[in-house]
Amino acid sequence: MRVGFFLDLNRCIGCRACEGACQNWKGPGFPLRRVQAFAGRVKGRWQEYYLSLACNHCENPECFRVCPARAYNKRRDGIVLHNSGRCSGCNRCVRACPFGAPRYNLTIGKVEKCDLCVERIDNGLPPACVEACPVKALQVLQLDEGKELGERWVPGLADVNITRPTLRLKAPEEEERFFLVG
């Protein structure tokens with residue numbers, strides 16, 4: 001069974017607890033998860049929300065395809081792993097990923113990316129970012145064949161047609177507004 005992230009855009013408050021948890025779990029450097037604010041017109045309505053993004057463990061990962069050192073591999077559950085021992089630091093994967101998930105670490109001269117805290121997943125624990133989310137906006141999702149859960153794309157996210165990320169989203173709902181008529 002494939003796994004991926006699920007993000008409820010109605011719940012995410014942009015607190016960045018997921019970023020901090022990622023950095024604490026993975027060690028010094030930069031977090032492999034980033035929270036980005038989106039504000040713009042969607043279907044004629046102004047909307048604001050936060051996108052908490054890391055590697056989307058895509059069905060067709062571009063990082064995997066372009067790496068000349070074959071530093072990437074994909075597990076049966078769909079988790080895309082990066083072997084830093086094989087990485088030459090050429091940055092092809094950084095440029096190829098439409099979501100900016102792989103990031104070049106100047107300190108070690110190699111690329112790093114989210115591995116969905118695979119050691120935690122293998123021990124039945126959620127990834128550090130999921131565990132740290134105070135409003136449960138970020139979750140791990142089990143993707144069954146033929147069962148669609150949530151949206152694949154929302155404005156503010158790169159095109160998903162080529163790489164087909166496993167990330168699923170709960171799109172922002174229309175807010176109910178009440179006016180006093182007097």
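Above this text is the structure in question.
Here's a quick rundown of the structure. For clarity, every value in this text was computed on a predicted model and none was experimentally measured.

Conventions and cut-offs
- Residues numbered from 1 in each chain as written.
- Predicted model: local features only at pLDDT ≥ 70, side-chain atom pairs only at ≥ 80, totals over all residues.
- Heavy atoms only, no water.
- Helix = DSSP H or I, 4+ residues; strand = E, 2+ residues; numbered from the N terminus.
- Buried < 20%, exposed > 50% of the residue type's maximum accessible area, 1.4 Å probe, protein only.
- Contact = heavy atoms within 4.5 Å.
- Salt bridge = Lys/Arg side-chain N within 4 Å of Asp/Glu carboxyl O.

The topology assignment puts Gly-89 in the loop between strand S5 (80-82) and helix H3 (92-96). For Gly-89, a relative accessible area of 14% gives the class buried. Each C-alpha atom, one on Gly-89 and one on Glu-112, is 9.6 Å from the other, the two residues being 23 residues apart in sequence. Setting aside residues up to four positions removed in sequence, Gly-89 forms contacts with Tyr-104, Gly-109 and Lys-110.

A few words now on the pattern of salt bridges. One side chain can pair with another of opposite charge once the charged atoms of both are near each other. Taken as a whole and assessed by the stated rule, the structure comprises 12 salt bridges. Among the salt bridges present, the one from Arg-16 reaches Glu-19, with a minimum N-O distance of 3.0 Å. Its relative accessible area of 39% is what places Arg-16 among the partly exposed residues. Of the residues examined, Glu-19 reaches a relative accessible area of 14% and is grouped as buried. By sharing partners, the salt bridges in this structure join Arg-2, Glu-59, Arg-152 and Arg-164 into a single network.

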